[in-house]
Amino acid sequence: KGLKKTAKSNFGGGNTNWEESRLGSYAFSETRLVEIVEKLCESSSKDCYTFVEEHEELIEKFWFSTFAKSKGEDKNFFAWLCIENVKDMNECERETNPCSEDQYCGNNEGSYYCAKCHLACKGCTQYGVEKCKECAEGYQLVGSACTDIDECQSDPNPCTGQHRKCVNNHGGYSCDCIEGFIEGEGECIPKPKVKVMPLVIICGFPSSGKSRRSEELKKYLQEELKKTVHIISDTSIGIDKNDVYSDSKKEKDVRANLKSSTQRLLNKDEVVILDSLNYIKGFRYELYCVTKSCKTPHCVIFCDISKEKAHQFNDSRQELEQYHKDILDGLMMRFEEPNPNQRWDSPLFVIQVEDQLPLEQVSDALFHRKPPPPNMATQNQPLSSTNFLYELDKVTQDAVSTIMDSQKTCIPGDVITVKGSTEKVSLHKYFPYFPIFFFVTRPVTLAELQRHRRQFITYTKMHPVEDLTKIPNMFIQYLNNSLT
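Predicted model only: the values in this text are computed from it and were never measured.

1. A few points about the sheet that holds strand β9 (residues 199–204)
Point 1. What the five strands build is an open sheet, ordered β10-β11-β9-β12-β13; its pairing is parallel. Each end of this open sheet is capped by a strand with a single partner; those strands are β10 (228–233) and β13 (348–351). Neighbour-to-neighbour, the strand axes of this sheet turn through a mean angle of 20 degrees, independent of strand direction.
Point 2. Bridge count for β10 against strand β11 (residues 270–275) is six bridges, and the pairing is parallel. Bridge pairing in β11 links I232 to L274.

2. Some points on the state of the cysteines
Point 1. Counted under the stated rule, the structure contains eight disulfides.
Point 2. Paired through a disulfide, C99 and C114 show a sulfur-sulfur distance of 1.9 Å. A torsion of -85 degrees about the S-S bond marks the disulfide between C99 and C114 as left-handed. Of this pair, C99 sits in the loop between α6 (77–85) and β1 (103–108) while C114 sits in strand β2 (residues 111–116), placing them 15 residues apart in sequence.
Point 3. Residue classification places C99 among the buried residues on the basis of a relative accessible area of 10%.
Point 4. There is a disulfide in this structure between C177 and C188, and the S-S distance comes to 2.1 Å. Torsion about the S-S bond of the C177 and C188 cystine: about -90 degrees, corresponding to left-handed handedness. Placement of C177 in strand β6 (residues 172–177) and of C188 in strand β8 (residues 187–190) is noted, with a sequence separation of eleven residues between them. Exposure class is identical for C177 and C188. Each is buried.

3. Focus on the packing of helix α15 (residues 446–462) against helix α16 (residues 471–482)
Point 1. Two elements in contact, α15 and α16, have axes whose closest approach is 11 Å; the angle formed by their N-to-C orientations is 125 degrees. By the angle between their axes, α15 is oblique relative to α16. Helix-helix and strand crossings are classified by hand; for α15 and α16 the assignment is right-handed. Residues L449, H452, R453, Q455, F456 and T460 of α15 form the contact with α16, whose own contacting residues are I471, M474, F475, Y478, L479 and S482.

4. A closer look at the UniProt feature "domain: EGF-like" (unreviewed entry) in the protein chain
Point 1. Residues annotated in UniProt with the feature "domain: EGF-like" (unreviewed entry) correspond here to residues 148–187.
Point 2. Helix makes up 0% of residues 148–187 and strand 45%, and the two end C-alpha atoms of the span are 28 Å apart.

5. Some words on the nonpolar core
Point 1. Ranked by internal contacts, the top residues of the largest apolar core, which has 29 residues, are L199, Y245, L274, Y323 and L331.
Point 2. Of all elements in the fold, only β9, α9 (248–265), β11, α10 (281–293), β12 (298–303) and α12 (325–334) reach the threshold of two or more residues within this core.
Point 3. Of all the elements, α12 adds the most residues to this core, at four residues.
Point 4. Apart from residues lying up to four places away in sequence, Y323 is in contact with P206, S207, K241, N242, Y245, L277, N314, R317, L328 and L331.
Point 5. Counting residues in hydrophobic clusters, the runner-up holds 18 residues, among them C303, L357, V362 and F367.

6. Brief notes about the pattern of salt bridges
A side chain with one charge may pair with a side chain of the opposite charge, provided their charged atoms come close.
Point 1. In total, this model carries 14 salt bridges according to the counting rule given.
Point 2. Residue D253 pairs with K249 through a salt bridge whose shortest N-O separation is 3.7 Å. Here D253 pairs with K249, and both are found in helix α9, just four residues apart, close to one helical turn.
Point 3. With a shortest N-O distance of 3.6 Å, R334 and E251 are connected by a salt bridge. Taken together, the positions of R334 in helix α12 and E251 in helix α9 put the pair 83 residues apart, joining distant regions of the chain.
Point 4. Members of the salt-bridge network, linked through shared partners, are R212, R213 and E216.

7. A few points about the side chain of S276
Point 1. Position of S276 relative to the elements: it lies in the loop between β11 and α10.
Point 2. Residue class for S276 comes out buried when judged on its relative accessible area of 4%.
Point 3. Ignoring anything within four residues of it in the chain, the contact list for S276 reads I202, C203, K210, D234, Y245 and L258.

8. Regarding the side chain of N242
Point 1. Looking at the element boundaries, N242 is found in helix α8 (residues 241–244).
Point 2. Sequence-distant contacts of N242, that is, excluding residues within four places in its chain, are made with Q322, Y323, H324 and I327.

9. Quick word on the confidence of the model for the protein chain
Point 1. Per-chain confidence: the protein chain averages 80 in pLDDT, with 78% of residues scoring 70 or above.
Point 2. No element of the protein chain has a lower mean pLDDT than helix α2 (residues 16–23), at 51, and none a higher one than β9, at 95.
Point 3. This stretch, residues 423–436, has a pLDDT under 50; its non-local contacts, to residues over four places away or in other chains, come to 31 contacts.

10. As for a negative patch on the surface
Point 1. Judged by side-chain charge, E30, E53, E54, E56, E57 and E60 come together as a negatively charged surface patch.
Point 2. Those elements giving two or more residues to the negative patch turn out to be α4 (46–54) and α5 (56–67).
Point 3. Take the negative patch: its biggest share by element is three residues, from α5.

11. Examining α9
Point 1. Given a rise of 1.5 Å per residue, 18 residues ought to cover 26 Å, and the 26 Å separating the end C-alpha atoms of α9 matches this to within 8%.
Point 2. All buried positions along α9 are accounted for by E251, V254, L258, S261 and T262. Considered in projection along α9, the buried side chains sweep an arc of 100 degrees and stay on one side of the axis. Looking at α9, the residues exposed on the side facing more than 90 degrees away from the buried face are K249, K252 and R264.
Point 3. Those residues of α9 hidden inside the fold are in contact with β9, β10, α8, β11, α10 and α12.
Point 4. The N-cap of α9, judged by a side-chain oxygen 2.9 Å from the amide nitrogen of K249 a few residues on, is D247.

What counts, and at which threshold
Residues numbered from 1 in each chain as written. Predicted model: local features only at pLDDT ≥ 70, side-chain atom pairs only at ≥ 80, totals over all residues. Heavy atoms only, no water. Pairing = 2+ DSSP bridges. Helix = DSSP H or I, 4+ residues; strand = E, 2+ residues; numbered from the N terminus. Axes fitted to C-alpha atoms, helices over the stretch in contact; angles between N-to-C directions. Disulfide = S-S within 2.5 Å. Buried < 20%, exposed > 50% of the residue type's maximum accessible area, 1.4 Å probe, protein only. Parallel < 35°, antiparallel > 145°, perpendicular 65-115°, else oblique. Left-handed = near helix turned anticlockwise from the far one by under 90°. Contact = heavy atoms within 4.5 Å. UniProt positions renumbered as here; feature names shortened; annotations may be inferred. Core = buried A, V, L, I, M, F, W, Y, C linked by side-chain atoms within 4.5 Å. Salt bridge = Lys/Arg side-chain N within 4 Å of Asp/Glu carboxyl O. pLDDT = per-residue confidence, 0-100. Patch = residues over 30% accessible without salt bridge, like charges linked within 9 Å, V, L, I, M, F, W, Y side chains within 5 Å. Areas by Shrake-Rupley, 256 points an atom, 1.4 Å probe, with all protein chains shown as cover. Lys, Arg positive; Asp, Glu negative; His and termini not counted. Charge placed at Lys NZ, Arg CZ, Asp CG, Glu CD. Expected span 1.5 Å × (residues − 1). Arc of directions from axis to C-beta. Polar contact = N/O pair within 3.5 Å; in protein donor to acceptor, adjacent residues only side chain to side chain.

Rendered as structure tokens:
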């Protein structure tokens with residue numbers, strides 16, 4: 001474009017022949033080159049100006065040694081500059097690091113990538129404990145490597161609670177209950193002797209070692225604890241991972257298949273390990289709801305690995321077992337890292353490539369921890385007699401009708417008597433002349449009463465009472481508290 005824009009230009013003097021004989025032809029002059037370069041990056045990004053500035057000498061060399069000598073015949077500037085002479089620009093050597101503080105920069109041909117530093121590092125040049133710029137909190141420099149500080153060896157011991165032991169973790173520690181005790185309201189209480197059917201959710205990048213960790217845990221549970229263990233994986237349900245993970249609909253169907261397979265195998269005597277990507281936090285939440293409905297504990301094991309290492313492990317597999325590069329990059333980009341502060345990702349065990357799997361801690365989390373309470377929505381309603389449901393509906397409807405009719409002649413502050421209620425209920429005053437009443441402080445609409453009635457019926461169906469005469473009192477109490 002620069003050549004076309006300056007093709008009909010010249011030095012602008014009156015005697016063109018004299019200018020060309022004395023100053024040289026404008027077509028191959030330095031003046032024309034300057035005009036072209038000045039407008040070269042007008043519609044480009046900031047990187048264009050940086051590139052031109054860094055390769056100014058090569059641009060001049062092409063102009064005078066190639067373009068001018070060929071009298072303008074050789075115009076393939078791109079091939080000469082970018083293919084034959086310019087080496088790949090290393091973006092990682094710029095003054096401003098393009099990656100965040102907890103990442104390191106790696107150069108690719110024509111581009112760069114950012115990868116996560118080791119947990120021990122606060123800034124790094126490459127992945128590994130010896131590549132740290134500074135040691136992260138909870139780590140100290142020993143020789144040339146950032147090493148975890150074992151807080152449990154300090155004096156005094158940081159865990160002072162009864163029946164507790166100190167467990168060293170990456171960059172910190174935890175005060176866990178000793179064998180035979182579990183967490184309960186801030187203290188360690190004796191574990192109940194109940195059978196559980198725990199679920200282990202393995203997650204991480206593709207080729208991060210999830211299957212190896214699953215087999216390690218299975219071997220430990222079978223040999224040491226004599227448990228029956230099932231592993232559910234992409235392989236066990238027979239899928240072509242490159243075909244499935246390239247199609248969002250197929251991937252959704254596979255997740256549903258994994259979830260249903262997990263639900264079928266959960267029982268009181270066996271352990272289920274879900275060995276899949278599990279990279280979507282919404283799917284991990286669905287699995288958490290499954291454990292709540294089954295009243296069983298669970299834990300999440302996160303195989304933490306850098307993208308660079310995952311590519312290396314994937315390349316070392318047999319060709320038929322490898323992920324395609326675009327599929328692998330896409331899955332790593334979409335991965336949602338588990339967060340220990342979220343209840344569906346807790347307890348969370350973060351395992352680095354070189355770490356040993358904390359088998360005893362995982363076992364404690366599965367068998368010595370109280371399972372989460374089930375949601376009301378996940379529980380089947382208890383069986384109730386037909387008479388109970390009839391009385392529940394009739395009594396509450398009669399109460400609503402009585403309140404609506406009485407409000408026509410009452411003013412706010414009056415007491416409304418409700419048939420069948422014997423309990424004296426008042427929020428502000430006590431009236432001994434009315435053994436059964438409902439106290440109104442403001443007009444109440446029918447829609448509001450019906451809404452509270454539906455809520456009361458839903459709750460009472462889940463918690464039925466044997467004595468039907470208690471229903472009127474319970475409903476009046478519920479209304480008094482709700483309409484305060």
